[in-house]
Amino acid sequence: MTGRVGASTLIGVQTPPPGSRRPAYHFTPARNWLNDPNGLVHHDGEYHLFFQYNPDGESWGNMSWGHAVSPDLVRWDELPLAISHDAVESVFSGSAVLDRANTSGLGTADAPAMVAIYTSAYLADGRQAQSLAFSTDRGRTWTKYADNPVLDIGSTDFRDPKVQWFEPTRSWLMAVARSTEHRIAFYSSPNLKDWALLSEFGPRGASGGVWECPDLFALRVDDDGPLRWVLVVSIEAGGVAGGSATQYFLGDFDGTSFVADDESSMTTPRWLDHGKDCYAAVSWEDDPAGRHLIGWMSNWQYARSVPTEPWRGAMTTPRRVSLRTVGDEVHLVQQPVDALAGLAGPAVGARVALDPVQVTGAGAAPASPLPRATAYALEAVIDPGDAERVGFLVHVGDGEATRIGYDTARASMFVDRTRSGNVAFSADFAGVQHAPLGLHRGRIRLQILVDRTSVEVFGGIGEVVITDQVFPGPTSDGLEMFSEGGTATFESVTVRTLAPHPG
Ligand code: FRU
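Conventions we followed
Residues numbered from 1 in each chain as written. Predicted model: local features only at pLDDT ≥ 70, side-chain atom pairs only at ≥ 80, totals over all residues. Heavy atoms only, no water. Core = buried A, V, L, I, M, F, W, Y, C linked by side-chain atoms within 4.5 Å. Buried < 20%, exposed > 50% of the residue type's maximum accessible area, 1.4 Å probe, protein only. Helix = DSSP H or I, 4+ residues; strand = E, 2+ residues; numbered from the N terminus. Polar contact = N/O pair within 3.5 Å; in protein donor to acceptor, adjacent residues only side chain to side chain. Contact = heavy atoms within 4.5 Å. Phe/Tyr/Trp six-rings, centres within 6.5 Å; stacked < 30°, edge-to-face > 60°. Lys NZ or Arg CZ within 6 Å of the ring centre and 35° of its normal. Salt bridge = Lys/Arg side-chain N within 4 Å of Asp/Glu carboxyl O. Pairing = 2+ DSSP bridges. Axes fitted to C-alpha atoms, helices over the stretch in contact; angles between N-to-C directions.

Caption draft 1: Representation of the nonpolar core within the structure. One finds Tyr25, Phe27, Phe51 and Trp76 to be the most contacted residues of the largest nonpolar core, which totals 38 residues. Those elements that place two or more of their residues in this core are strand 1 (32–43), strand 2 (46–54), strand 18 (279–283) and strand 19 (292–296). With 4 residues, strand 2 is the single largest residue contributor to this core.

Below is the structure:
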């Protein structure tokens, strides 16, 4: 494809240089700094992933929108810089829509514009206001709108607009953060240029840090049940595992206001992810395959010092989201995007399925060899028996491993990255993350996505997720089972590698 920045961004299909820590199937830019996903929209057979990007270096600054496209949310091609910072403004987070009816007049009826709605962070006075840029060539080249900004309330903490077409009122709907006030404001517009305030929501749930990067979408409970609205809000600090995290509220949106259900109360936040590395998660507009979210796989506590180069920053695996009743509660449930399964073609995939095996203590049963790998999907059903803790050691190497498992006394799944490799770059990095998870018919179901610098653990049907970065040594490719304090039965274990060895 013309304009591709680096072949290394065509992921999952080539052998990395020895010792490389570049993820095999998570999006990273060929070089330089990346943070939040921006401008997520599907158009003309392509998923667009724009992202907060520093075109000039590996630390945060010169904020602009980088760009990548994918047919399936897994194979990404990085394209040239989309929207650049300039002498007047940094280009902060935001969203993109297809203006099919040319309401903005920025395209034509025949060639509708892709319109990006981003936050102008003005260098002169720190003001944050919402601005437009548009493209009439499938997002390849962009022009900033001449009359920017389109929404300015004179605030220095007003950012990250997420815009969608709201059919009942045939108008555009924006959710945008009033960050330091812990509020999400909703605005309406007929043309993307003139915006009127509808309502505000918050403070509520978790507000230990500023609110950023909202998203709002509707899903039916259990596919054909009532329509409920999900409001996603990231908090920069004070998250469930320390530092940045993404929470969500369930409720109703009547075209004017979002009203949270009682159960998503003032005091008990619902966490989209219980790990330390899923921030600013937002979803694609116009997605033909349901609703998918992606997050920035980092945490403001240590994002600036993660040990990778010549890039810094990666995205999570995209997740398909749905609302499901689990027990007597409705949860936002996440599953890895379907196309990930397609990565394991004959050339790159190996599949190992174990017969049921009882484990006491550490180590894989000799009759059931587990592959050595650093990029794979593992699925397991475990009867914990009388074990206190049971699970897997991944990225096992000399004196190091990442522990992923279930703690029966705490009724929680966990990721322990205390001795996962390089943890020394930040005092906030090493640690154990927990997520509450009930047994289902006495069993635990875990789905684990391992890549060279991350683990993502989906518990049960995906009602809880833990996403954590890890930085193991390049030869730490072991995989083992463990059971502490008793004997557990691993009823099924399936491992599918997602890149060639030593991937
Ligand atoms: C979230 C965030 C956004 C802002 C962007 C700047 O990580 O702080 O609120 O728009 O990053 O890069």
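Moving on from the coordinates now.
Caption draft 2: Molecular detail of the side chain of His292. Positionally, His292 belongs in strand 19. A distance of 2.7 Å separates polar atoms of two side chains, one belonging to His292 and the other to Asp287. Residue contacts for His292: discarding those within four places in its chain leaves Leu73, Val282, Ser283, Trp284, Asp287, Arg319, Arg320 and Val337.

Caption draft 3: Fine view of the packing of aromatic side chains. What the rule picks out here adds up to 29 aromatic pairs. Ring centres of Trp65 and Tyr118 lie 6.5 Å apart, and the angle between their planes is 70°; on these two criteria the pair is classed as edge-to-face. Residue Trp65 is found in strand 3 (residues 64–70), and its partner Tyr118 is found in strand 6 (residues 113–122); the two are separated by 53 residues along the sequence. Seen in terms of ring centroids, Phe425 and Phe471 are 5.6 Å apart; in terms of plane orientation they differ by 80°. Their pairing is edge-to-face. Of this pair, Phe425 sits in the loop between strand 28 (412–416) and strand 29 (432–436) while Phe471 sits in the loop between strand 32 (464–469) and strand 33 (478–497), and the two are 46 residues apart along the sequence. The ring centre of Trp311 lies 4.0 Å from the NZ or CZ of Arg22, which sits over that ring. The ring of Phe482 has Arg403 sitting right over it, with the charged end atom 4.8 Å from the ring centre.

Caption draft 4: Broad picture of the environment of Ala435. Inspection of the secondary structure assignment puts Ala435 in strand 29. Taking the C-alpha atoms as reference, Ala435 lies 33 Å from Tyr118; in sequence the two are 317 residues apart. Beyond its immediate stretch of four places on either side in the chain, Ala435 contacts His274, Ala411, Ser412, Met413, Val464 and Ile466.

Caption draft 5: Up close: the pattern of salt bridges. Following the criterion strictly, the structure yields 33 salt bridges and no others. The partner of Arg183 in a salt bridge is Glu181, with the nearest N and O atoms 3.4 Å apart. Close ionic contact of Asp261 with Arg228 constitutes a salt bridge, the shortest N to O distance being 2.1 Å. Of the two residues, Asp261 is situated in the loop between strand 16 (258–260) and strand 17 (270–271) and Arg228 in strand 14 (residues 227–235); the sequence distance between them amounts to 33 residues. Like Asp261, the residue Arg228 is buried in the burial classification. Among the charged side chains, a network of salt bridges with common partners joins Arg389, Arg403, Asp407, Asp416 and Glu484.

Caption draft 6: Quick peek at the sheet that holds strand 12 (residues 196–201). What the 4 strands build is an open sheet, ordered 9-10-11-12; its pairing is antiparallel. If you trace the sheet from one side to the other, it starts and ends with strand 9 (159–166) and strand 12, each paired once. Looking at each pair of strands side by side, their axes are set apart by 25° on average, direction ignored.

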